[in-house]
Structures are given as structure tokens and as C-alpha cells.
Amino acid sequence: MKKTLLVIWLAFFCLPSPAAIETFQFDSPQMEADYKQLVEELRCLVCQNQNLAGSDADLARDLRHETYEMLQQGKTKQQVIDFMVARYGEFVLYRPRFETSTYLLWLGPFLLLVVVLVAVVRRMRASARPADVDAATLAEARQLLESDESKQ
Amino acid sequence: MNRFIVPLAVFVLMVGLLAYGLRLDPKRVPSPLIDKPAPAFTLATLEDPSRKLSTADMAGQVWILNVWASWCVSCRAEHPVIMSLARQNLVPVVGLNYKDQPDDAARWLDQFGNPYATSVVDADGRVGIDWGVYGVPETFIVGADGRIKYKHIGPVTQESLNEKVLPVIRELLG
């Protein structure tokens, strides 16, 4: 019993060790905001479904540092993004650029919406339109109806 | 019957696309550096830290940059292949010792053999970033014009050496 209690008591100390937190000193709140946005939007190439901010990979740490250094040197956000794309390709961007190769990616959903809307409108029109019936058939139908009524 | 044709066509199209997607390897990110000038570096050599090697020293010839580290398990798997490439004496193979301890790196070469004409030390990985390295090992083929012609990500196997790396080198050598 004592042993069990001891184990339970010790278990409280098995907290997950916190990941190393980097402390960067920013010159201005704007720079800090830029840094945060960049590390959120740039992909870590080692663990490909994480951004630089969320990845504990060695390379991600280096690239965070690189991002910080570049901002510290007065580079703009766009310059940092261009730097990363020049080395690792468009793949690093979580927010792909709007250019020829990505038109379909950006506009595809709207294109699909238009196609669906057109199809729906056409279908609704088709069912709303009265059926084309020629005069002879109409006359025959009227006759049938009348003969039906006369029977009753 | 006709009403099934459109859903069936859409289904077949989707299966085709998904089958194609499954065959792609998401780990292989095409390098934007292909056909671009090789990023310049001047780094101390592993053998003698007072001696430096720069990309300018390699200008005018076809050469290979192989990124390696003693802590990298796949590099050990790749090592015999790089040895056999170096033995063919086609082009100089330069090692980029990436984020490694010089002592460990030297010991690694002593133990397994040294295929490199020379190895340069990229202790903080700064040159690695310029070359777009995101996983060791990586292998670059640089042409005589100083441009990167080919990049192999991950360990070079005997097959990829024979089927991709060597043909590119032979073509560049003319």
C-alpha cells in the first residue's frame, strides 16, 4: 500500500518536459508581429505538416533564428519569404502565392461553385417549364377527361 | 443507363488522380536551385582548419557536393556508394560536413574510409541553409558552369547512382 502511494505521489512529478523556449529580443512590437506571422506561415521541411513555430526540428530552429536575424537586419517580411522560397521552393509557403501555377488552387473552389450553380439553375428551369404538348395530344386528353366525367 | 455515365466518369477520374497522388513521395521536394548558380561558400576544411576551400576553387569543373555528418545514420548506409563513386575518379567529391563535431567527423572517416577529395566544415549549418539542405544526406552535382545540375535527397543507393547520378555526370563531362 505504501509503495503504491509512493508511486502515485512520484507520478505527479512526471510532468512533460517543456520544449526549449527561445527568447528573442525584438526592437519593436511590429517586428515581433512580423516574426510571429512568418514562423506561422513558413513550413518546416523536416516535419512537413508543421510550421516553423510548431516544429522542434533542428532545421526549424535554425530557420527561426535566420528569420529573426533577417528582421533584425531590417529586412522586410517579403524579403524573408523570398529568401526561404529561393532555397526551399514554393513548398515552404503555407499560403501559396497567387500565380500561374496556383490559379487553379486559388480559383478552383469558386469555379466549382459556379459549375454547381449553373447546373442547379438549369435543372430548376427545366422542371418549372410546362411540358411541350402538341394540340392533338391536348385534344385527346380533354376528350378522355370529359368522357371520364360523363361516366360518373 | 445514361444517368450513371457522369458519376462513373467522375469516380474513375478521382480514382486515377488519387492513384497518381499515392505514387508521389511528399518527402521529395523539388529544389528551386536546379540550374541556378551554386551558392557560394568559403569554409575551413575538416583535415586542416587553417586551410579554406571555396566554391570559386571548384569553378570550371564538374564536381559533387555530398552533405554528410557523423551523427547521420543514413549517411553510413550511403557511405559505400559514395566510396564507389569516388573510386571511379570521374569528378571530385567534396564533403559538406553538416552540423557536426570535427573530432567525431574525423573519427567517422578514419573508421569507414574517406571518399572525399576534401571535406569542408559547416558547423552551424549556415551553408546548408543556402543550399536548401533539409535532410542529411543530400548530394548535389555542380556543372562546369558553376550551376547545380542535379540534387539527390536522401541516401544515394547503388541503383540511383547507376540510373541517375552517373548518367548526369557522364552527360556533363560530355
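Model, not experiment: these values are computed from the prediction.

### So, the environment of A:Ala126
Within the secondary structure, A:Ala126 is located in helix α5 (residues 103-128). Here the alpha-carbon distance between A:Ala126 and A:Leu144, two residues 18 residues apart in the chain, equals 27 Å.

### Brief notes about helix α5 (residues 158-173) of chain B
All names here are of chain B. At valine 165, α5 shows its largest kink, close to 35°, and the proline proline 167 lies no more than four residues downstream. Along α5, the residues classified as buried are Leu161, Val165 and Ile169. Buried residues in α5 make contact with α2 (73-87), β6 (138-142) and β7 (148-153). Of the residues one or two after α5, glycine 174 is the one with positive phi, at around 80°.

### Considering α5(A)
Residues and elements named next belong to chain A. The end-to-end C-alpha distance of α5, which contains 26 residues, comes to 37 Å, matching closely the 38 Å that a straight helix rising 1.5 Å per residue would cover. Along α5, the sharpest change in direction is near 35° and occurs at proline 109. The buried count for α5 comes to 0 of 26 residues, which makes it a mostly uncovered element.

### Some points on the packing of helix α2 (residues 29-41) of chain A against helix α3 (residues 58-72) of chain A
All names here are of chain A. Following both chains from N to C, one finds α2 and α3 inclined at 150°, their axes separated by 10 Å at the closest point. Considering the relative orientation of α2 and α3, their crossing is right-handed. On α3, the residues that touch Met31, Asp34, Tyr35, Leu38 and Val39 of α2 are Arg64, Thr67, Tyr68 and Leu71. Looking at the contact of α2 with α3 residue by residue, the class counts come to 6 nonpolar, 1 polar and 2 charged.

### Re the environment of B:Trp108
Topologically, B:Trp108 is positioned in helix α3 (residues 102-112). Between the C-alpha atoms of B:Trp108 and B:Ala69, which are 39 residues apart in sequence, the distance is 8.7 Å.

### What to know about the domain arrangement of chain A
Once the domains are mapped, chain A shows domain 1 (22-97) and domain 2 (104-151). Placing the centre of domain 1 of chain A and that of domain 2 of chain A at their C-alpha centroids yields a distance of 57 Å.

### Quick notes on the nonpolar core
In this structure, B:Ile64, B:Val94 and B:Val142 are the most contacted members of the largest nonpolar core, which totals 59 residues. If sequence neighbours within four positions are ignored, B:Ile64 has contacts with B:Val91, B:Val93, B:Val94, B:Thr139, B:Phe140 and B:Ile141.

Here is what the cut-offs are and how they apply
Residues numbered from 1 in each chain as written. Chains lettered and ligands numbered in written order. Predicted model: local features only at pLDDT ≥ 70, side-chain atom pairs only at ≥ 80, totals over all residues. Helix = DSSP H or I, 4+ residues; strand = E, 2+ residues; numbered from the N terminus. Bend = angle between axes of the 7 residues up to and from the residue. Buried ≥ 20, exposed ≤ 12 C-beta atoms within 10 Å, placed from the backbone. Contact = placed C-beta atoms within 7 Å. Expected span 1.5 Å × (residues − 1). Axes fitted to C-alpha atoms, helices over the stretch in contact; angles between N-to-C directions. Left-handed = near helix turned anticlockwise from the far one by under 90°. Nonpolar A, V, L, I, M, F, W, Y, C, P; charged D, E, K, R; others polar. Domains from an automatic or database assignment. Core = buried A, V, L, I, M, F, W, Y, C linked by C-beta atoms within 7 Å.

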